[in-house]
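Now for the letters of each chain:
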Amino acid sequence: MSVLSESLILHKTVKKHYLSLARGTECQVTYVWIDKTKEHLQCKTRTLNKEPAGIRDIPEWDTFWTDGDPTEVILIPVRMFRDPFTLDPNKLVLCEVLDSKRDPIGGHQRSHCVKVMEEVKQFEPWFGMEQEYMLFGLDGKPFGWSPQGCPLTGVSCAVGITKVYGRDICICHYRACLYAGVMICGTNAEALASQWEFQVGPCEGTESGDHLWMARYILHRVCEDFGVVASLDAKPFRQSVYTSGCHTNFSTKEMRSEGGLLYIEEAIRRLSRRHSQHLRVYDPRGGADNMSRLCSQSLTSSYDEFSAAAARRNVSVRIPDHVSRRGCGYFEDRRPAANCDPYSVMRALIETCLLGATGEDDDEEKDTATF
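Residues numbered from 1 in each chain as written. Predicted model: local features only at pLDDT ≥ 70, side-chain atom pairs only at ≥ 80, totals over all residues. Heavy atoms only, no water.

- As recorded by an unreviewed UniProt entry, the protein carries the name Glutamine synthetase and is attributed to Lates japonicus.
- UniProt, in its Sequence similarities (unreviewed entry) section for the protein, records the words "Belongs to the glutamine synthetase family." (UniProt positions renumbered as here; feature names shortened; annotations may be inferred.)

Here's what the structure looks like:
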């Protein structure tokens, strides 16, 4: 029997006994941070003498990268959540990772994103992110699928045991996020059986990235309990045209106000001139993941050509139909991959749409927006 198999048969009621033991005023705080890959998460837990009232009550902590690099790094707490696994008064805390000179390390983008958001705070930028993911068994095969493959595909929001697999995981993740204080606002089944989506937001500024990363952490922890793997791979099942994205909704107070459609259209025109620059930061491999994902199939757009339209989903940027009819609201950038760094995505949107960033290929990109 494999170590993984032995781990999964551990009796869960035994764990419940220890979690029910009486305790004093101490509080367990689990520090969560993004690793060097900018895709995966790490964590470790310490005891505080009492429950922290806020993020300022949680001390910094030293650690080291776990890939053999002996360099010490500093964990800086930036946002606190309730712990849905060990329950109150215990906490989860999202951390930035700094080097000994207190500079961001490993390509971490949060501090850069914070600086950019500070420059545009008068615009009150809101973000909402739609995180798609796929469930796999420990054998590496899609969770619940028969040896013949996926029985039915292409139907989002499906219902029925022959059409969706893993709904219990989706429900438990949702409830755990609500308990933690994550700003999760919805969930649904996706096109592939065992493929799901949850939405975070709307949040202002960097907050959306913080809540998405913690929602990802909670997802992986819930999956540990169920003995399955949650994949954020942009192309989780190579034999299928269906992919996983992190569609990002964006608006400013001008876009949300009467006449805001004009601001939305101007922002999209700016995006059309920096298509390739955005794709380079919309997945952690400089655009390589999106190159296989954005193939103009299964409601995806072209990797090579920018496109935008109202009430269409096979485009780079979509204006929802209700926004088009009301004349204000938000737009949806459908290009970010499921494994994107949300801080990089938000920073790119701000720099292009609000700070007027330009690029070397401004004159080369083709604008195919049709409003």
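Picking up where we left off.
1. Overview of the nonpolar core
Proteins that are soluble and globular tend to have nonpolar side chains buried together.
Reasoning step 1: Membership of the largest hydrophobic core comes to 66 residues, with the highest contact counts inside it found for Y133, V182, M214, I218, F250 and F331.
Reasoning step 2: In terms of residue count, the dominant contributor to this core is helix α5 (residues 207-226) (9 residues).
Reasoning step 3: Discounting residues that sit within four places of it in the chain, V182 has contacts with F81, C177, H211, M214, A215 and I218.
Reasoning step 4: C27, W33, V73 and I105 belong to the second-largest nonpolar core, a separate cluster that totals 14 residues. (Core = buried A, V, L, I, M, F, W, Y, C linked by side-chain atoms within 4.5 Å. Buried < 20%, exposed > 50% of the residue type's maximum accessible area, 1.4 Å probe, protein only. Helix = DSSP H or I, 4+ residues; strand = E, 2+ residues; numbered from the N terminus. Contact = heavy atoms within 4.5 Å.)

2. Let's talk about the pairing of strand β8 (residues 195-204)
Reasoning step 1: Burial of β8 is extensive: 8 of the 10 residues sit out of reach of the surface.
Reasoning step 2: Where strand β6 (residues 126-136) lies against β8, 8 bridges are found, and the strand directions are antiparallel. The residue of β8 that forms the bridge with E130 is Q199.
Reasoning step 3: Inspection of the sheet shows strand β7 (residues 184-189) paired to β8 by 5 bridges, in the antiparallel sense. Directly across from I184, in β8, lies its bridge partner V200. (Pairing = 2+ DSSP bridges.)

3. Here's the deal with the layout of surface pockets
Reasoning step 1: Here the second largest pocket defines a volume of roughly 390 Å³.
Reasoning step 2: Along the wall of the second largest pocket there are 25 residues; nearest its centre are E132, E190, H247, L299 and R334.
Reasoning step 3: If you tally residues by element for the lining of the second largest pocket, the top one is β8, at 3 residues.
Reasoning step 4: Here the lining of the second largest pocket is composed, by residue class, of 6 nonpolar, 12 polar and 7 charged. (1 Å grid on protein atoms, 1.4 Å probe; cavity = no way out; pocket = protein on both sides within 12 Å on 5 of 7 lines; lining within 4 Å. Points joined across faces, edges and corners; volume = space filled by probe spheres on them. Nonpolar A, V, L, I, M, F, W, Y, C, P; charged D, E, K, R; others polar.)

4. As for unusual backbone geometry
Reasoning step 1: With an omega of 10°, the peptide bond running from D88 to P89 counts as cis.
Reasoning step 2: When you line up the elements, P89 lands in the loop between β4 (72-82) and β5 (91-98).
Reasoning step 3: The omega torsion of the bond from G201 to P202 falls at 0°, within 30 degrees of zero and hence cis.
Reasoning step 4: With respect to the element layout, P202 can be found in strand β8.
Reasoning step 5: Residues other than glycine seldom take positive phi values, yet E124 does so here, at roughly 50°.
Reasoning step 6: Following the sequence through the fold, E124 ends up in the loop between α3 (110-119) and β6.
Reasoning step 7: Despite not being glycine, C157 has its phi angle at roughly 60°, a positive value.
Reasoning step 8: When you line up the elements, C157 lands in the loop between β6 and α4 (167-180).

5. Quick word on the packing of aromatic side chains
Reasoning step 1: Under the criterion given, the structure shown has 4 aromatic pairs.
Reasoning step 2: Aromatic side chains Y31 and W61 sit 4.9 Å apart centroid to centroid with 65° between the ring planes, which places their arrangement in the edge-to-face category. With Y31 in strand β1 (residues 27-34) and W61 in strand β3 (residues 61-64), this pair connects stretches of sequence that are 30 residues apart.
Reasoning step 3: Here W61 falls in the buried class, since its relative accessible area comes to 19%. (Phe/Tyr/Trp six-rings, centres within 6.5 Å; stacked < 30°, edge-to-face > 60°.)

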